[in-house]
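Tertiary structure, described
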Amino acid sequence: MLRINAETTDREQKMIKWYSPPHKLKIKGYALVIHGLNLNPEKMEAIIDTLTLASIKVLLLSLSGHGGNYISSEGKSAADSRIETLKRVNCDIWKNETVTAYQHVKTAAETNRLPIFFIGYSLGGLLGCELLVSNDQAQFDKMVLFAPALNLGVIGFFLKLLSPFSGMVIPSAAPEAYRTNRGTPLAAYLAMLNVVISFKKTINPRLNVPTLVLIDKQDELVSYNGLKKLITNMQLGRWQLHRIRKDESANRILNHHLIIDADSTGAKTWEKLKNRLIEHLKCER
């Protein structure tokens, strides 16, 4: 059962951060935003800025092993403590953090009688969907999913094969500004895989809320066709699958899975994406 509690503990202060619309704007909704695996949570701020300028108050969740959400280890730097925390993570830790963040958003939205939105990238999108299908007290009025990791395909198979080496850290090819750690422990990938397994076991019609799914067809992690098949098989008639095409100004050293700001998509594509996002979430008092 969800515990609705507006108080924030010391632990939760490391996990959550509120972003408010400019003072002149009247709040029209509340959104929970969750980042992707080994992504610096602050790199979600391009999306968050778009939301706050549309009068939506945002809560950003930093998952364990990301940003400031880590357990300090004696004699170790913040960077080393954070990656050690990520090595010890499991799917239940992330799922519980998602519930906690949702509780804060739900309390605020219910108090002000406003809609609740969910915006997630990759692992974040997966966690939001898993919450929705696994807990009948959770609800979102609308969702926007950026390359949601709902199906890992062949990568999931290889992760299972590598599970005996969970302590291994896989170096990150992402630029330093995007990543929160120098690499990603295999244990963290396995935790994400277990969230996928949990999601697939509990998937049900509760998932069919108005949802905009954004993905590059060349995505290296998430299958465009796999998402299309999921939408068809689960009869998700309220989901819209929108293909992102990066333009010529996109940073070519970034992979196709990364579509969270103008640098990763290109300026023209990002403007179109922002407009589509806001049009989808459009809400009236």
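Quick caveat, the model's predicted, so the values are computed rather than measured. (Residues numbered from 1 in each chain as written. Predicted model: local features only at pLDDT ≥ 70, side-chain atom pairs only at ≥ 80, totals over all residues. Heavy atoms only, no water.)

What about the pattern of salt bridges?
For clarity, the cut-off: For this document, the term salt bridge refers to a Lys or Arg side-chain nitrogen within 4 Å of an Asp or Glu carboxyl oxygen. Helix and strand assignments come from DSSP, with helices taken as H or I runs of at least 4 residues and strands as E runs of at least 2, each series counted from the N terminus. Note on classification: 1.4 Å probe, protein chains only; a residue is buried when its accessible area is under 20% of the maximum for its type, exposed when over 50%, partly exposed between these limits.
Applying the stated rule across the entire model yields nine salt bridges. A salt bridge links lysine 95 to glutamate 130, with the nearest nitrogen and oxygen atoms 3.7 Å apart. Taken together, the residues span a long stretch of sequence, with lysine 95 in helix H4 (residues 91-112) and glutamate 130 in helix H5 (residues 123-134) at a distance of 35 residues. Here lysine 95 matches glutamate 130 in class, with each residue buried.

Quick notes on the sheet that holds strand S3 (residues 56-61)
Either a parallel or an antiparallel arrangement is found when strands of a sheet pair, and the pairing is made through backbone hydrogen bonds. Here is the rule we go by: Strands pair, by our definition, only if DSSP identifies at least two bridges between them. Axes here mean lines fitted to C-alpha atoms, for a helix over just the part in contact, with angles spanning 0 to 180 degrees between N-to-C directions. Contacts: residue pairs with any heavy atoms within 4.5 Å of one another.
Spatially, S1-S3-S2-S4-S5-S8-S9 is the arrangement adopted by the seven strands of the open sheet, whose pairing is mixed. Lying at the two open borders of the sheet, with one neighbouring strand each, are strand S1 (16-19) and strand S9 (239-244). Neighbouring strand axes in the sheet, compared pairwise and without regard to direction, differ in orientation by 15° on average. Both strand S8 (residues 211-216) and S9 contribute to a ladder of six bridges, which runs parallel. Across the sheet, leucine 214 pairs through a bridge with histidine 242, a residue of S9. Its contacts with the sheet put helix H2 (residues 45-53) on S1, strand S2 (29-34), S3, strand S4 (116-121) and strand S5 (142-146), and the angle it makes with S3 is roughly 155°.

Side note on the pairing of S5
Rules: Orient the strands so they point away from the viewer, and a crossover whose first-strand-to-second-strand path over the helix runs clockwise is right-handed.
Most of S5 sits inside the fold, with four of its five residues counted as buried. Two strands pair when backbone bridges link them, and S4 and S5 are joined in this way by five bridges, in the parallel orientation. Residue pairing for S5: tyrosine 121 is matched across the bridge by phenylalanine 146. Between the parallel elements S4 and S5, the chain passes through H5 in a crossover that is right-handed. In this sheet, S8 lies alongside S5 in parallel orientation, the contact comprising four bridges. The residue of S8 that forms the bridge with leucine 145 is valine 213.

Some thoughts on the packing of aromatic side chains
Cut-off, in case you're wondering: Aromatic pairing here means that ring centres of Phe, Tyr or Trp (its six-membered ring) are within 6.5 Å. Orientation follows from the plane angle: under 30 degrees is stacked, over 60 is edge-to-face, and everything else is tilted.
Scanning all chains against the criterion turns up three aromatic pairs. Seen from their ring centres, tryptophan 18 and tyrosine 30 are 6.1 Å apart, and the 85° between their planes marks the pair as edge-to-face. Of this pair, tryptophan 18 sits in strand S1 while tyrosine 30 sits in strand S2; the two residues are 12 residues apart in sequence, bridging distant segments of the chain. On the accessibility criterion, tryptophan 18 (31% relative accessible area) is partly exposed.

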